[in-house]
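Working through the structure, step by step
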Amino acid sequence: MPYAIIVLPIAQQSCYTYEVPVSFQKEIQIGQQVVVPLGRKFYGGIVLKLSEDKPSYPTKSIISIWDKKPIVSSEQIAFWKWMASYYMCALGEVMTAALPAGFRIESEHKVHLTKTDYIPDSETERLIIDALQHGALDLKTLDESLGGKLEVLKALLEKEVVQIHTQHNQRFKPKEVVFLYPRENITTEEINKLSELQSHVLLRLIDLSKTEKVSKSKFLEEEGVTESPIKTLIKKEFIISQKEKVYRHSFKYPKETKPLYELSEIQQQKYGEIKKQFETHSTVLLHGITSSGKTEIYTHLIAKELEKGRFVLFLLPEIALTTQLAERLAIFFGKQLLVYHSKYSTNERVEVWRKLQAKDKPYVVIGARSAIFLPFHDLGLIVVDEEHEPSFKQQDPAPRYHGRDAAIYLAYLQNSKVLLGSATPSLESYFNVQLGKYGLVELFQRYQDILPPEIILIDSTEASRKKRMKGLFTPELIKAMNETLENGEQVILFQNRRGYSYFVKCENCDTIPHCPNCDVSLSLHKYANTLDCHYCNYSISYAKHKCGECQGEDFSTIGIGTEQIEEQTTALFPNYLSDRIDWDTTTGKHSYEKILSKFKNGETKILIGTQMLAKGLDFDNVGLVAILNADLLLHYPDFRAYERSFQLLLQVSGRAGRKKKQGKVLIQTYKPKHPVLKLVKESAYTPLYNQQIRERNAFHYPPVYYMMKIKLKHKNKQKVEEAAYLLGEDLKNIFGARTYGAHTPLVSRVKNFYLQEIILKIERKSSYAKAKQLTSEAISRVKQTKGFSSIHIGADVDVF
DNA sequence: AGCACGCCGACT
DNA sequence: GTCGGCGTGCTC
Ligand SMILES: [Zn+2]
Ligand SMILES: [Zn+2]
């Protein structure tokens, strides 16, 4: 076929058609990565379709086929297309999100000196030629050092004094390891003729080679020998040294695998129910309380699929959780288990991708949401654990997809089953159960006689009025903590706010320092002694800060974050070691694991943290979990605040479940009669669901209604407001009262961009796809309006 | 997304 | 008069 339609990794709605040179026509295939020119740049694009038809416009030619083997399958292309249309973004944006960065092709332009006898015309020419004497230079670097005087370079090009060579490179670099092999049929006589050291080294190598491939570097290190005897042995042809490409794996696999643990009677029964539900539903929700042993059930289901030769994908909401689970499952699945997420090195991600394409054996992949883009070809099961977690939804760069929902579509394409797991299901999933779309299996019995924690609500009002609070600690909490700690048990303190305080205030004039780039107050971080913006990376020294209004140097802190809780804890419990786990303490590569293992082995007695503590962590000596201020969650300005509070509080409480002894959960609040807190105390999911669904229905919120948000942003406040108004009116003409806004969001400016938003709430009985299409058309009308072309307009479908 | 082109204000 | 800002439009 002489023409190819190609998607490029750019945020552009349309794809491009290129001519396929005759020499490539035999080998070109859908899914291959090819190098193509666009404007004056080069990109690596994916072949979507081949065609006989000559387009009406002139075409450029494909420059090269990067890999003969396609890097994506036609099923993946179908998945990408669905995502672009469902989440209202460009196919190129999906491509960027889907492909590991290591596949990306980057072009560099090198300037070479071709004439050595040229006499420069000007000072600039002389400078360029001097610079090129020592070898070719990158065009960009040369351009930067010239300060935009490209004219001179162009003149030199025309005079053929210099030439530009364009080279395309891929970021992925295979890892190469030197392996040592003993030559075959070495006789004892030959060995006896060698020096003592050489014969020792050789015998050791022969021995080791019987069971494994021996890498040179590892051999040198483990045997404590130097290179010289090996060099001699290679020269004497006793050892063959060979460089080979290998897969990297930073994940430490266990030496041996074990058979699966047997399921308990109840687990066995639930396993059967899930299987049964799969006969009639492709998606099943497993509503199982904390410590009910959901993971064991997953493990058996995974093993079953692998036995059948089918692949399994296990999705988790947080990268930090993948390692924990992988360690647990690798005991059973060994090297059939792979880990994949965006914090993995680009090289390793490419290798996981290639391993799946090799199709040599079925794998179970544990990953965060980006793992849905892997080249699966025979997926049997997708497990989405902690399915209620909002972090499954991608936030900023498009595609703003929901990992769980995208996984369900992927399963549909692959003819696979999906198992959603949660102790506190999302209203979305439970709603789908009610509609009969998903199957439901309930597991309310605790595993191995673990007792459910006792949940106690504490009214902070009284202690506060009587001035008996010590910071955020009520006397009841302090008493309970003392008892627990004296018992040799551990304590978890939960406060969903990082930093030292919410903000600071000038003691003299009450002015609150704000971020110069965003419309938010700065948060105090006492440990780093800085005032930070949580929306951009603005950070200033707290010690040196003077009030912008009155130059005052003294500030008081307002609101209490995890850092201050840690300070108060140390003051109240000086004899017990405490630690903190939040966004600020987990930026390092293994910091998260380190903090957790210190707590697990009992080194730390008190662990303070944000919602990071809520997700799937198991501790066995936690006697007390305390939520310092539940009101902070309940008053969060979001329609999901009550649902989220319920989930978070129950998840955090779940950390207090232990064998034999009942754990305790204290919830401090100024509103002990709050209906949600009452339901948390009783762990009553269904009443919460019913009550919330009524509310969502009354106010036209998901899951009863579809909802999407159109976000507008621009550097100019007036401009973005005008555009948003125009779009709002346009949408009102189409959707009437289903349109809400345009309005200014709570945080009206981020990174110097002014923001506006419009919400659309659509009835489930109407076509969501049609609504999106009409919205897209309205957006393009606004973009075509004079003066508004530079306004960024993006859609967030199924907002979180 | 990048990149060039072109139109307007403000400085050597 | 030119430099550089940004708004606009185009890329197969
Ligand atoms: Zn002041
Ligand atoms: Zn900021």
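Residues numbered from 1 in each chain as written. Chains lettered and ligands numbered in written order. Predicted model: local features only at pLDDT ≥ 70, side-chain atom pairs only at ≥ 80, totals over all residues. Heavy atoms only, no water.

**So, empty space enclosed by the protein**
Keep this limit in mind: Lining residues are those with an atom within 4 Å of a point, where the points come from a 1 Å grid over the protein atoms alone and group into cavities, where a 1.4 Å probe fits but cannot get out, or pockets, open sets with protein on both sides within 12 Å along at least five of seven lines. Grid points are joined across faces, edges and corners, and a volume is the space filled by probe spheres set on the points. Lys, Arg, Asp and Glu make up the charged group, whereas Ala, Val, Leu, Ile, Met, Phe, Trp, Tyr, Cys and Pro make up the nonpolar group; the residues left over, Gly among them, are polar.
Across all of its chains, the model carries 4 cavities of 30 Å³ or more by this definition. Taken as a whole, the largest cavity holds about 80 Å³ of empty space. Together, Pro9, Gln33, Gly44, Met95, Thr96, Leu99, Pro100, Ala101, Phe103, Arg104 and Ile105 line the largest cavity. Grouping the constituent residues of the lining of the largest cavity by class yields 7 nonpolar, 3 polar and 1 charged.

**With respect to the sheet that holds strand S10 (residues 214–215)**
The cut-off we apply is this: Between any two strands, pairing holds if DSSP finds at least two bridges. Numbering of helices and strands runs from the N terminus, with a helix taken as a DSSP run of H or I at least four residues long and a strand as a DSSP run of E at least two residues long. What makes two residues a contact is simply this: any of their non-hydrogen atoms within 4.5 Å. Between the N-to-C directions of two axes lies an angle of 0 to 180 degrees, each axis being a line fitted to C-alpha atoms and, for a helix, fitted only over the stretch in contact.
What the 3 strands build is an open sheet, ordered S10-S9-S11; its pairing is antiparallel. Strand pairing shows two members of the sheet lacking a second neighbour, S10 and strand S11 (239–246), which therefore form its edges. Judged from the 2 bridges that link them, strand S9 (residues 175–182) and S10 form a sheet pairing that is antiparallel. Looking across to S10, one finds that Phe179 is bridged to Ser215. Along the sheet face, helix H7 (residues 196–209) touches S9, S10 and S11 and points at about 110° away from the line of S9.

**Thoughts on the coordination of the zinc ion (ligand 1)**
In a perfect tetrahedron of four donors around a metal, the angles come out at 109.5 degrees. In a perfect octahedron of six, they are 90 or 180 degrees. Rule in force here: Only N, O and S atoms count as donors, using a 2.8 Å limit from the metal and a wider 3.2 Å limit for Na, K and Ca, and since water is excluded some coordination spheres may look unfilled. Working rule for geometry: tetrahedral if four donors all subtend angles between 85 and 135 degrees; square planar for four, octahedral for six, if opposite donors exceed 155 degrees and the others stay between 65 and 115; irregular in every other situation.
Of the protein atoms, only Cys506 (SG), Cys509 (SG), Cys547 (SG) and Cys550 (SG) coordinate the zinc ion (ligand 1), at distances of 2.3 Å. In this structure, the zinc ion (ligand 1) is surrounded by 4 donor atoms whose angles at the metal cover 102 to 113°, and the resulting shape is tetrahedral. As a motif over one chain, the donors of the zinc ion (ligand 1) read C-x2-C-x37-C-x2-C. Here Cys506 is found in strand S21 (residues 503–506), whereas its partner Cys550 is found in the loop between strand S24 (539–541) and strand S25 (555–558), with 44 residues between them in sequence.

**Description of the sheet that holds strand S2 (residues 16–19)**
Within a sheet, adjacent strands bond to each other through the backbone by hydrogen bonds, running parallel or antiparallel. Pairing is antiparallel in the open sheet, where 5 strands are placed in the order S2-S1-S4-S3-S5. Looking along the sheet, the strands with just one partner apiece sit at the ends: S2 and strand S5 (64–65). Relative to strand S4 (residues 41–51), helix H2 (residues 91–98) is tilted by about 110°, and along the sheet it contacts strand S1 (3–7) and S4.

**Here we look at the coordination of the zinc ion (ligand 2)**
Heads up, the rule is: When accessible area is computed with a 1.4 Å probe and restricted to protein chains, residues below 20% of their type maximum are described as buried, those above 50% as exposed, and intermediate ones as partly exposed.
The zinc ion (ligand 2) binds to the protein through Cys515 (SG), Cys518 (SG), Cys533 (SG) and Cys536 (SG), with metal-donor distances spanning 2.2 to 2.3 Å. Around the zinc ion (ligand 2), the 4 donor atoms are arranged such that angles at the metal cover 104 to 113°; this shape is classified as tetrahedral. Using a relative accessible area of 5% as the deciding quantity, one classes Cys533 as buried.

**Regarding the confidence of the model for chain A**
What counts is decided by this rule: Each residue carries a pLDDT score, the predictor's own confidence in it, on a scale running from 0 to 100.
Averaged over all residues, the pLDDT of chain A equals 91, while 98% of them reach at least 70. Across the interface, the model reports ipTM at 0.88; the global pTM reads 0.89.

**Observations regarding the protein's contact with DNA strand C**
Keep this limit in mind: One heavy atom suffices: a residue is near a molecule or strand as soon as one of its heavy atoms comes within 4 Å of it. The definition of a polar contact used here is a pair of N or O atoms within 3.5 Å, where within protein one atom must be able to donate a hydrogen and the other to accept one, and adjacent residues in sequence count solely through side-chain atom pairs.
If you check the shell around DNA strand C, you find 14 residues, and the closest are Thr17, Tyr57, Lys60, Gly787 and Ser789. Near-protein atoms of DNA strand C (within 4 Å) split between backbone and bases, with sugar and phosphate holding 53%. Here a base oxygen of DNA strand C and a side-chain polar atom of Gln12 are 3.4 Å apart. Between DNA strand C and Gly787, the relevant distance is 2.9 Å, taken from a phosphate oxygen to a main-chain nitrogen or oxygen of the residue. Listing elements by their share of the surface near DNA strand C, those giving two or more residues are S2 and strand S3 (33–38). In terms of residues, the surface near DNA strand C owes the most to one element, S2, which gives 3 residues. Residue composition of the surface near DNA strand C, grouped by class: 6 nonpolar, 6 polar and 2 charged.

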